[in-house]
Amino acid sequence: MQNHKTHISLTSLIILMAFFSMVFLPGISYGAEKKTSKKAPPAQQKSVSINDGNVLDYLKKAEEQVKKGEMDSSLAVLIKIHDYAEDVVKTVKYFQVQYDKTVNDASMPQNDKEDILIKLKRMPQLIQKYTHIKEVSAFDIGLVYAKKGEAEKARKYLLEVLDTAPFSVKQDSLWMKSKKILLGLYSLEGEF
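Computed from a predicted structure; not experimentally measured. (Residues numbered from 1 in each chain as written. Predicted model: local features only at pLDDT ≥ 70, side-chain atom pairs only at ≥ 80, totals over all residues. Heavy atoms only, no water.)

### Topic: the packing of aromatic side chains
Item 1. Across all of its chains, the model carries five aromatic pairs by this definition.
Item 2. Judged by centre distance (5.8 Å) and plane angle (70 degrees), the rings of tyrosine 84 and tyrosine 130 are edge-to-face. Taken together, the residues tyrosine 84 in helix α4 (residues 71–103) and tyrosine 130 in helix α5 (residues 110–147) connect sequence positions 46 residues apart.
Item 3. Judged by centre distance (4.6 Å) and plane angle (70 degrees), the ring pair of phenylalanine 167 and tryptophan 175 falls under edge-to-face.
Item 4. Its end group placed over the ring of tyrosine 58, lysine 61 keeps NZ or CZ at 5.5 Å from the ring centre. (Phe/Tyr/Trp six-rings, centres within 6.5 Å; stacked < 30°, edge-to-face > 60°. Helix = DSSP H or I, 4+ residues; strand = E, 2+ residues; numbered from the N terminus. Lys NZ or Arg CZ within 6 Å of the ring centre and 35° of its normal.)

Okay, structure coming up:
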């Protein structure tokens, strides 16, 4: 009888273990799979999201990285900053045109016109701010590409700076620094 009870207990124990393994082990392994699937690859974890609140901080950090020789990490951020600034300038200019038309519409209620006029007054400041950020980031991108030996890419961004930045003969101006690097890429230093 004792042997029969042990056999039943052992059988019950095996059945219980099988039951628990079928019920709880898939959940445990599912949870482990779920945790690992949520983890993004290292490159994605360091992804930068540029917005109005952080664009200047990221620009400063990227410029510091360039000074330290961290070209690849700074380049990725600088390109995002440049693209963001370019998009903001285009967007603001688009709305500026639309708002100018709306303000002159006689059927527009006065309260709406006043609201739009306030926004229109802010737009030149935004355009100026983001045009400057775009120019600075374009210069930095051109500088990084020049240091990496990628002359064609460097020229594209440096020419953009020369096209958009205010002309200046001051050696520390963005325009003159871009000119100097660009002429160096063409082996024309000091020619003009």
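Next comes the rest of the account.
### Structural notes on a nonpolar patch on the surface
Item 1. On the surface, a nonpolar cluster with roughly 390 Å² of combined accessible area is contributed by Leu159, Tyr186, Leu188 and Phe192.
Item 2. With respect to the secondary-structure elements, leucine 159 resides in helix α6 (residues 151–164).
Item 3. Overall, the relative accessible area of 37% leaves leucine 159 in the partly exposed class. (Patch = residues over 30% accessible without salt bridge, like charges linked within 9 Å, V, L, I, M, F, W, Y side chains within 5 Å. Areas by Shrake-Rupley, 256 points an atom, 1.4 Å probe, with all protein chains shown as cover. Salt bridge = Lys/Arg side-chain N within 4 Å of Asp/Glu carboxyl O. Buried < 20%, exposed > 50% of the residue type's maximum accessible area, 1.4 Å probe, protein only.)

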